[in-house]
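# Chain and residue survey
Chain by chain, the residues:
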2 protein chains.
Amino acid sequence: MTSDKGFVDAGLRSWRSNMDRAGKLFGSLTSSELEIEVAPDRNRLIYIWGHLMAINDGILPLFAFGPRHYPDLEDMFVAKPDRAVEALPGPAALLNMWTELDTALWQEFQKLSPSDWLDRHQGISPEDFIREPHRNKYSSLLGRTAHLGYHLGQANLAVRK
Amino acid sequence: MTSDKGFVDAGLRSWRSNMDRAGKLFGSLTSSELEIEVAPDRNRLIYIWGHLMAINDGILPLFAFGPRHYPDLEDMFVAKPDRAVEALPGPAALLNMWTELDTALWQEFQKLSPSDWLDRHQGISPEDFIREPHRNKYSSLLGRTAHLGYHLGQANLAVRK
């Protein structure tokens, strides 16, 4: 393994680890458990799960993998706060979306070379990227991984009692 | 910047970003605010802050930077659960330790070359590292960064109301 690949491997392992923890935690919850708030008057577990899915869905266009698979998630779980949307998908539908997105992203991630990872994402123009080369796909992967961990910490407050 | 350095830069930026958020959040809390629990019957903010410090202190020997600076933190904030130790350091002492450790680690991190980052840490023997080369310093950095994010998510439940 070249050293470049060692770094890519580390980033992907960190993503995988956090995705697995999130999938295991949220995927096992019932409808009523998904209604639990992580702290008094804070987001419900269903909202956090959907939020993570919406962010994952956004990686598809951000990394030029193609359009979002579930564009409705953005409005339900990012643009609007928890409880603003009455009819949210149920646990089975959420788990299907979660799994499908996880698989799709993981497959696309494997196709990227080390230099692809250090190339820009679609959130920055080629001109700006010359001045800000740290705004690459790899940095976004690390940022998204930290975001998963951030909400996992919250979700675990509600489920690990 | 060579591609190796691009990956190191991304990992260090992610660490820096989470450390800065944590430092800003915890460093501004009063004694009484540090007593707030992140959720009912869960850890107090003071315990989470001390816990993050204890883990940071542990990076010093793990990365062969030298011995821990504050070995007592491990017992207070890792080995024992919250409320098991009566006399914890106050906000000013905690902030001093936090800042000193942050500076020390950051300086040491700058000295590591890309190949140093992909070399083993002290938690794995040279023999085992041959079979498990992913157990390197860089992976640990990403793991520690996700751990910061995990507890930041919890702490923000208590302070952002």
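The structure reproduced in this document is the subject of the present report. (Residues numbered from 1 in each chain as written. Chains lettered and ligands numbered in written order. Predicted model: local features only at pLDDT ≥ 70, side-chain atom pairs only at ≥ 80, totals over all residues.)

Let us look at the overall build of chain A. Per the secondary structure count, chain A includes 8 helices and 0 strands. Helices and strands in chain A line up, N terminus first, as α-α-α-α-α-α-α-α. The globule rule puts the C-alpha radius of gyration for 161 residues at 15 Å, and the 17 Å found for chain A is close to it. Along the first, second and third principal axes, the C-alpha set of chain A runs to 45 × 30 × 25 Å. Sorting the 161 residues of chain A into buried and exposed places 38% on the buried side. Summarising the internal contacts of chain A: among those between residues at least 6 apart in sequence, 63% fall at separations of at least 24. (Helix = DSSP H or I, 4+ residues; strand = E, 2+ residues; numbered from the N terminus. Rg over C-alpha atoms; globule rule 2.2 N^0.38 Å. Buried ≥ 20, exposed ≤ 12 C-beta atoms within 10 Å, placed from the backbone. Contact = placed C-beta atoms within 7 Å.)

With that settled, the discussion passes to the relation of the copies chain B and chain A. Least-squares fitting of chain B to chain A yields an RMSD of 0.0 Å, with the transformation described by 0.0 Å of translation along the axis and a rotation of 180 degrees. Here the two chains are linked by the operation of a two-fold rotation axis. Judged by C-alpha distance, B:Y150 is the residue of chain B that lies nearest the rotation axis, at 2.1 Å. Interface overlap between copies: 100% of the residues of chain B at the interface are likewise at the interface in chain A, consistent with a symmetric, same-surface contact. (Least-squares fit on C-alpha atoms with pLDDT ≥ 70 in both.)

On to the interface of chain B and chain A. On the side of chain A, 32 residues touch chain B, which itself brings 32 residues to the contact. At the level of secondary structure, the elements contributing two or more residues to the side of chain B that touches chain A comprise α1 (3–27), α6 (114–117) and α8 (137–159) of chain B. For the side of chain B that touches chain A, the element with the highest residue contribution is α8(B), accounting for 13 residues. Classifying every residue of the side of chain B that touches chain A gives 14 nonpolar, 14 polar and 4 charged. (Nonpolar A, V, L, I, M, F, W, Y, C, P; charged D, E, K, R; others polar.)

Turning our eyes to something else, we now look at the packing of helix α3 (residues 45–62) of chain A against helix α5 (residues 91–111) of chain A. Two packed helices can be described by the angle between their axes and the distance between those axes. All names here are of chain A. Where α3 contacts α5, the axes come no closer than 10 Å and their chain directions differ by 30 degrees. The chirality of how α3 crosses α5 is left-handed. Along its contact with α3, which presents W49, G50, M53, N56, D57 and I59, the element α5 presents L94, M97, W98, L101 and L105. A breakdown of the residues in the contact of α3 with α5 according to their chemical character gives 8 nonpolar, 2 polar and 1 charged. (Axes fitted to C-alpha atoms, helices over the stretch in contact; angles between N-to-C directions. Left-handed = near helix turned anticlockwise from the far one by under 90°.)

Our next topic: the packing of helix α1 (residues 3–27) of chain A against α8(B). Direction vectors running N to C along α1(A) and α8(B) enclose 30 degrees, while the axes themselves pass 9 Å from each other. Along this stretch, α1(A) crosses α8(B), giving a crossing that reads as right-handed. In this structure, α1(A) contributes A:F7, A:A10, A:G11, A:R13, A:S14 and A:N18 to the contact, and α8(B) contributes B:Y138, B:S139, B:L142, B:G143 and B:A146. Taken together, the residues of the contact of α1(A) with α8(B) break down into 5 nonpolar, 5 polar and 1 charged.

Right, let's talk about α1(B) for a bit. Over its 25 residues, α1(B) runs 35 Å from end to end, which matches the ideal 36 Å to within 8%, given 1.5 Å per residue. Taken residue by residue, α1(B) has B:D4, B:G6, B:F7, B:V8, B:A10, B:G11, B:S14, B:W15, B:N18, B:M19, B:A22 and B:F26 as its buried positions. Packing partners of the buried residues in α1(B) comprise α1 and α8 (137–159) of chain A together with α3 (45–62), α5 (91–111), α6 and α8 of chain B. (Expected span 1.5 Å × (residues − 1).)

Quick look at the environment of B:G27 now. Residue and element names in this part refer to chain B. Looking at where G27 falls in the secondary structure, it is placed in helix α1. Looking at G27, the number of C-beta atoms within 10 Å reads 13, which means it is partly exposed. For the pair G27 and P126, spaced 99 residues apart in the sequence, the C-alpha separation amounts to 39 Å. With residues up to four places along the chain from it excluded, the contact list for G27 reads L95 and W98.

A separate point is the environment of B:F7. All names here are of chain B. Tracing the backbone shows F7 in helix α1. For F7, a count of 28 C-beta atoms within 10 Å corresponds to the buried category. Separated by 23 residues in sequence, F7 and T30 have C-alpha atoms that sit 38 Å apart.

The next point concerns α8(B). Between its first and last C-alpha atoms α8(B) spans 32 Å; for 23 residues at 1.5 Å apiece the expected length is 33 Å, and the two agree. A large share of α8(B) lies buried, amounting to 18 of its 23 residues.

Here the focus is the nonpolar core. Counting residues in each nonpolar core, the largest one holds 85 residues, and the members touching the most others are A:L45, A:W49, A:M53, B:L45, B:W49 and B:M53. Apart from residues lying up to four places away in sequence, B:L45 is in contact with B:F26, B:L29, B:E33, B:L34, B:I36, B:V38, B:A155 and B:A158. (Core = buried A, V, L, I, M, F, W, Y, C linked by C-beta atoms within 7 Å.)

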